[in-house]
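# Remarks on the overall topology
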Amino acid sequence: MRGKVSRKTIFGFLGPSVIALALIGIAPLLYALWTSLHFFNLTKLKKVKFVGFENYTSVLTDEVFWQAMGRTFFLLGVSLPLQLGLGLGIALILHKPGLTLLKTLARLSLVLPMATTYAVVGLLGQVMFNQKFGVINQFLSPFGGGNINWIGDSTNAFAMIVFWDVWQWTPFVALVLLAGLTTVPGEIEEAARLETKRWWTVLRYVQLPFLMPGLVAVLILRTADTLKLFDMVFTLTRGGPGSSTEFISLMIQRVGFRGFDQGLASAQAIILLIITIILAQIYIRVFYREV
Amino acid sequence: MKMRKLLASTVLATSLALGAVTTASAWSLEEAAKPYAGTTVDVVFLLRPGYEAIEAMLPEFEAATGIKINIIKHPYENALGEQVRDFVAGGDLDIALIDLVWIGNFAENEWIEPMDKFTSNPDLADPDLDMDDFFPLVLNAFGGWNDVVYGLPFDNYSGLLFYNKCLLEEAGFDGPPATWEELKDTYGPALTKDGKYAYALQSKRNETQSADSFARVIWPFGGSFLDADFKSNLMSAESQAGLKFRQDLMQYMPDGIVAYDHAETVNAFSQGDVAMITEWSAFYSTVVSPDTSKVADCVAIAPEPSGPAGRKPALGGFSLAVASQADEDEQAAAYLFIQWATSKANAGEYLERGGVPARQSAYTDPALAETYKFIPALVESWQDGVPEFRPRFAEWPEITEIVQEWGTKIMLGEVTTEEGAQELGSRMEAVLDEAGYYSGEKPLAQ
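Positions within a chain are numbered from 1, following the residues in the order the chain's sequence is written. Starting at A for chains and at 1 for ligands, labels are handed out in the order in which the entities are written. Given that this is a predicted model, residues contribute local features only at a pLDDT of at least 70 and side-chain atom pairs are listed and counted only at 80 or more, while totals for whole chains, interfaces and linings are drawn from all residues. Where side-chain values are given, they derive from all heavy atoms of the structure, hydrogens and water being excluded.

### Regarding the overall build of chain B
Put simply, the test is: The way it works is that DSSP assigns letters per residue, a run of H or I at least four long becomes a helix, a run of E at least two long becomes a strand, and they are numbered from the N terminus. Throughout, the radius of gyration refers to the C-alpha atoms, and the reference size of a globule is 2.2 Å times the residue count to the power 0.38. Accessible areas in this description were obtained via Shrake-Rupley with a 1.4 Å probe; residue shielding takes into account the shown protein chains only. Note that His is not counted, nor are the chain ends; the positive residues are Lys and Arg, and the negative ones are Asp and Glu. Charge coordinates come from a single atom per side chain, which is NZ of Lys, CZ of Arg, CG of Asp or CD of Glu.
Helix and strand counts for chain B stand at 19 helices and ten strands. Taking 446 residues into account, the globule formula puts the C-alpha radius of gyration at 22 Å, and chain B, at 24 Å, falls close to it. Just so you have it, chain B exposes about 17,000 Å², and 52% of that area is on carbon and sulfur atoms. Separation between the mean location of the 31 positive side-chain charges and that of the 69 negative ones in chain B comes to 3 Å.

And the structure:
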């Protein structure tokens, strides 16, 4: 009997978390699924009716939905490589021996952008990128860029979102990759450095395999984060000008909470969830390797 | 016989008149509120001067009635969503704060009670209520739906032309432009120089794009959102003329005007960077206060310019209505608060504290126009407005999102006015079709 845990104990420990997960995660998901199969507009509740997959058909054939999806993946395609490049650079610098105090301070300061609330980042952006009074244009004025219309120009507004996303999440990538670098056994790395002086060779053949689990985690988390990126963009540009920064989560919020069509918005959200799961599976199958 | 009849009629009339006088003199807020002392009334307020004004006056009401007013503050952009969710969930709100474009939505969903339910109750109705004293256009547009009054106008706006008379005088003008064409063709080139602009039209992609920018240019040119059959009227020559006018006018506006909300526009004017803006009357206190405006001494106000179809100024504002979900006591207490907040008796103080009452009697004193320079223009604007400046039906929240998206795309030049209006019109018609306007399920009311 020794070592055998009673069912009571198992349920006692696991039960609360399973119940909490069911209440917080599963129940709303099931409700969203139910809603997505109905005409369900908050301002027309007398007309709620089962419509089968009509909402899904509308979403899948709606070019505005796919434009927003394309825009979201374009953002991911632009910002993620920047975050990975800069994050890897920071991680490699912090991994070098010496300057312990400065590195500790640098690690601590890396947490600050991540700890900043998304909505606050958006509001900061409004002030900093203000065409006339913003500090960014003040900073750029000696270089001839003092009158850039950031928020009112489609391309610039998109660039501004990329900037903030990179600013906020590069530290996260750096910290994850730094953690990965610390898992490389010291003797292997030392031996590799005796073999070659080229940092790229060490990175490619010795450090990278240890970074892969972290990279996959970063890919999954940053993809999911980008797909649900909302607060910062909403407070900064509200999806504008035009549709230039209307990413998929802003579109879903617009349909569900400003147009009040919860049925259509739920169908959009379920489709987004399916895309996220497929992407996560692809990342794991293609990139993930145990060292 | 004739004499006896006359005598009897006289006695009856006298007794009725005396009775009326007795009832009138007997009514007091304190007495009316006695049964509801201790009741808490929940209401959503915005972060705007009119709400701060009534909040400052609130202790007087609470002391007199024992009714507690619990104010939940939201920015405008959240106010509709918060209220809809509260009403759908059977929440706590006892009063609905209704932007004029939400009235159809709230009334059709029966979230609000007709005013008549309370005004016909002599225990609650103040004999001095005087509904005829409200500007008819404002009462109808802000509080009425399908000939039923649901709300009393509370926070009231009209679009006005704020102009910097110092800049205009420097450029050789002795007054503001009378027409939109004049603003563009004469004032535009003369005032756009040295990093300053003749005009700014707030056009950010939110309700500002729909109400302040898009609607503002179609109506004076004879256009409208819908025709008599509720089909899109945006491809009409008049609507197109208005939209093309806006595109032409943009050369005299600051860069990035599609990112300008009220704050940026009022700020640009207050800093002296823009000579003219068309803004809500509610921003008067901001532009004339030396604390917030560099050009306070130069500010002058006129009604909005006219177009070929007349003045048709922007119309906006909020009414307060009693929520159906409140219980009987809360409804009565809520009504007493609404009646008090919008009363003739309090209109003067409300105005002094920064609010804009919709009571005609509040503006009769000519001396007021000296203190509040916006009054003559405001009163004039409220004579000639269009209640359906933005359609007030339940589908507006969906349609405004379409207008915001395509209106901005037109301004950015991503699509032509024709392409944008075509797309906007088809999407708008799809929403109206789904709602049942074309099948006859719903009356064509806006």
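### Some thoughts on the pattern of salt bridges
The condition is simple: Salt-bridge detection follows one rule: a side-chain nitrogen of Lys or Arg within 4 Å of a carboxyl oxygen of Asp or Glu. Accessible area is worked out with a 1.4 Å probe on protein chains only. A residue is then buried under 20% of its type maximum, exposed over 50%, and partly exposed in between.
What the rule picks out here adds up to 30 salt bridges over all chains. A salt bridge links Lys117(B) to Glu328(B), with the nearest nitrogen and oxygen atoms 3.7 Å apart. Of the two residues, Lys117(B) is situated in helix 6 (residues 116-119) and Glu328(B) in helix 14 (residues 328-341); the sequence distance between them amounts to 211 residues. A salt bridge links Lys344(B) to Asp130(B); the shortest N-O distance between them is 3.0 Å. Linking Lys344(B) in helix 15 (residues 344-352) with Asp130(B) in the loop between helix 6 and helix 7 (136-143), this pair joins segments that are 214 residues apart in sequence. On the basis of relative accessibility, which here comes to 31%, the residue Lys344(B) falls in the partly exposed class. Linked through salt bridges whose partners overlap, the residues forming this network are Lys44(A), Glu108(B), Glu395(B), Glu398(B) and Lys442(B).

### Quick word on the packing of helix 3 (residues 49-65) of chain B against helix 15 of chain B
Pairs of packed helices are described in terms of their axes, by the angle between the two and the distance that separates them. Residue and element names in this part refer to chain B. Applied cut-off: Lines fitted to the C-alpha atoms define the axes, with helices restricted to the stretch that makes contact. Angles between their N-to-C directions range from 0 to 180 degrees. Should an angle fall under 35 degrees it is taken as roughly parallel, and over 145 as roughly antiparallel, whereas 65 to 115 is taken as roughly perpendicular and any remaining angle as oblique. Take the far helix as your reference; a near helix turned counterclockwise from it by less than a right angle gives a left-handed crossing, and one turned clockwise gives a right-handed crossing. The criterion used for residue contact is that any of the two residues' heavy atoms lie within 4.5 Å. Gly is placed with the polar residues, together with every amino acid not listed as nonpolar (Ala, Val, Leu, Ile, Met, Phe, Trp, Tyr, Cys and Pro) or charged (Asp, Glu, Lys and Arg).
Two elements in contact, helix 3 and helix 15, have axes separated by 9 Å at closest approach and are oriented at 125°. With respect to helix 15, the axis of helix 3 lies oblique. Relative to helix 15, the crossing made by helix 3 is right-handed. Every residue of helix 15 that contacts helix 3 at Gly 50, Ala 53, Ile 54, Met 57 and Glu 60 is listed here: Asn 346, Glu 349 and Tyr 350. When grouped by side-chain class, the residues that make up the contact of helix 3 with helix 15 number four nonpolar, two polar and two charged.

### Overview of the interface of chain A and chain B
Opposite the 31 residues of chain A that make contact, chain B presents 35 residues. At the boundary of chain A and chain B, one finds seven salt bridges. We note a salt bridge from Arg238(A) to Glu77(B), for which the minimum N-O separation is 3.0 Å. With three residues, helix 11 (residues 248-258) of chain A is the single largest residue contributor to the side of chain A that touches chain B.

### A look at the packing of aromatic side chains
Residues and elements named next belong to chain A. Formally: Classification of ring pairs rests on two measures: the distance between centres of Phe, Tyr or Trp rings, Trp counted by its six-membered ring, which must be within 6.5 Å, and the angle between planes, read as stacked under 30 degrees, edge-to-face over 60 and tilted in between.
All told, the structure shown has 47 aromatic pairs over all chains when counted by the stated rule. On the numbers, 6.1 Å between centres and 80° between planes, the contact of Trp 34 with Phe 40 is edge-to-face. Taking the relative accessible area as the measure of exposure, Trp 34 reaches 40% and is therefore partly exposed. Relative to Trp 167, the ring of Trp 164 has its centre 5.4 Å away and its plane inclined at 90°; by these criteria the two rings are edge-to-face. With Trp 164 and Trp 167 both in helix 7 (residues 154-181), this residue pair falls three residues apart, about one helical turn. Taking the relative accessible area as the measure of exposure, Trp 164 reaches 3% and is therefore buried.

### As for the domain arrangement of chain B
Residue and element names in this part refer to chain B. Rules: For the domains described, the bounds stem from an automatic or database domain assignment. Throughout, buried area stands for the accessible area (probe radius 1.4 Å) lost by two parts on being put together, summed over both.
When cut into domains, chain B gives domain 1 (15-156 + 316-381) and domain 2 (158-315 + 387-435). Between the C-alpha centres of domain 1 and domain 2 there is a distance of 29 Å. Counting from both sides, the interface comprises 27 residues of domain 1 and, opposite them, 26 residues of domain 2. When domain 1 packs against domain 2, close to 2,300 Å² is buried across both sides, 61% of that on carbon and sulfur atoms.

### Re helix 1 (residues 7-36) of chain A
Residues and elements named next belong to chain A. Stated precisely, the cut-off is as follows: Expected span of a helix, by definition, is 1.5 Å for each gap between consecutive residues, and there is one gap fewer than residues. To get the bend at a given residue, fit one axis to the seven residues ending there, fit another to the seven starting there, and take the angle between those axes.
Between its terminal C-alpha atoms helix 1 stretches only 38 Å, short of the 44 Å expected from 30 residues at 1.5 Å a residue. Where helix 1 bends most, at Leu 14, the angle is about 40°, and the proline Pro 16 comes one to four residues later. Listed as buried for helix 1 are Gly 15, Ala 32, Thr 35 and Ser 36. Looking at the buried positions of helix 1, the neighbouring elements they touch are strand 1 (38-39), helix 2 (54-60) and helix 12 (262-287).

### Some remarks on the environment of Glu190(A)
Residues and elements named next belong to chain A. With respect to the helices and strands, Glu 190 occurs in helix 8 (residues 186-195). The class of Glu 190 is exposed, set by a relative accessible area of 56%. Each C-alpha atom, one on Glu 190 and one on Ile 252, is 51 Å from the other, the two residues being 62 residues apart in sequence.

### Points about the state of the cysteines
Residue and element names in this part refer to chain B. Here is the rule: We call a pair of cysteine sulfur atoms a disulfide when they lie within 2.5 Å.
Evaluation of the coordinates by the stated rule reveals one disulfide over all chains. One disulfide in the model links Cys 166 with Cys 298; its S-S distance is 1.8 Å. With the S-S dihedral at roughly -90°, the linkage between Cys 166 and Cys 298 falls on the left-handed side. Remark: Cys 298 occurs in the loop between helix 13 (284-288) and strand 9 (299-303) and Cys 166 occurs in helix 8 (residues 165-170); sequence separation between them is 132 residues. On the basis of relative accessible area, Cys 298 is assigned to the buried category, the value being 15%.

### So, the nonpolar core
All names here are of chain B. Spelled out, the test is: Definition used in this section: a nonpolar core is a set of buried Ala, Val, Leu, Ile, Met, Phe, Trp, Tyr and Cys residues joined via side-chain atoms within 4.5 Å.
Phe 225, Met 276, Phe 337 and Phe 374 are the most contacted members of the largest nonpolar core, which has 156 residues in total. Per-element tally for this core: the top contributor is helix 14, with nine residues. Both of domain 1 (15-156 + 316-381) and domain 2 (158-315 + 387-435) provide at least three residues apiece to this core. Residues contacting Met 276, with those up to four places away along its chain left out, are Leu 161, Phe 162, Tyr 163, Leu 168, Pro 177, Leu 183, Tyr 187, Leu 191, Ala 198, Tyr 199, Ala 200 and Phe 269.

### Topic: the environment of Gly159(B)
All names here are of chain B. With respect to the helices, strands and loops of the structure, Gly 159 is situated in strand 6 (residues 151-164). Taking C-alpha positions, Gly 159 is 6.2 Å from Leu 315, a pair spaced 156 residues apart along the chain. Those residues in contact with Gly 159, other than ones at most four positions away along the chain, are Arg 216, Glu 279, Trp 280, Glu 304, Pro 313, Ala 314 and Ser 381.

### Let's talk about unusual backbone geometry
Residue and element names in this part refer to chain B. One non-glycine residue, Glu 110, lies in the positive phi region at around 55°. Structurally, the position occupied by Glu 110 is in the loop between helix 5 (103-108) and helix 6. Here the phi dihedral of Phe 230 falls at roughly 70°; this positive angle occurs in a residue that is not glycine. Within the fold, Phe 230 resides in the loop between helix 10 (207-218) and helix 11 (237-249).

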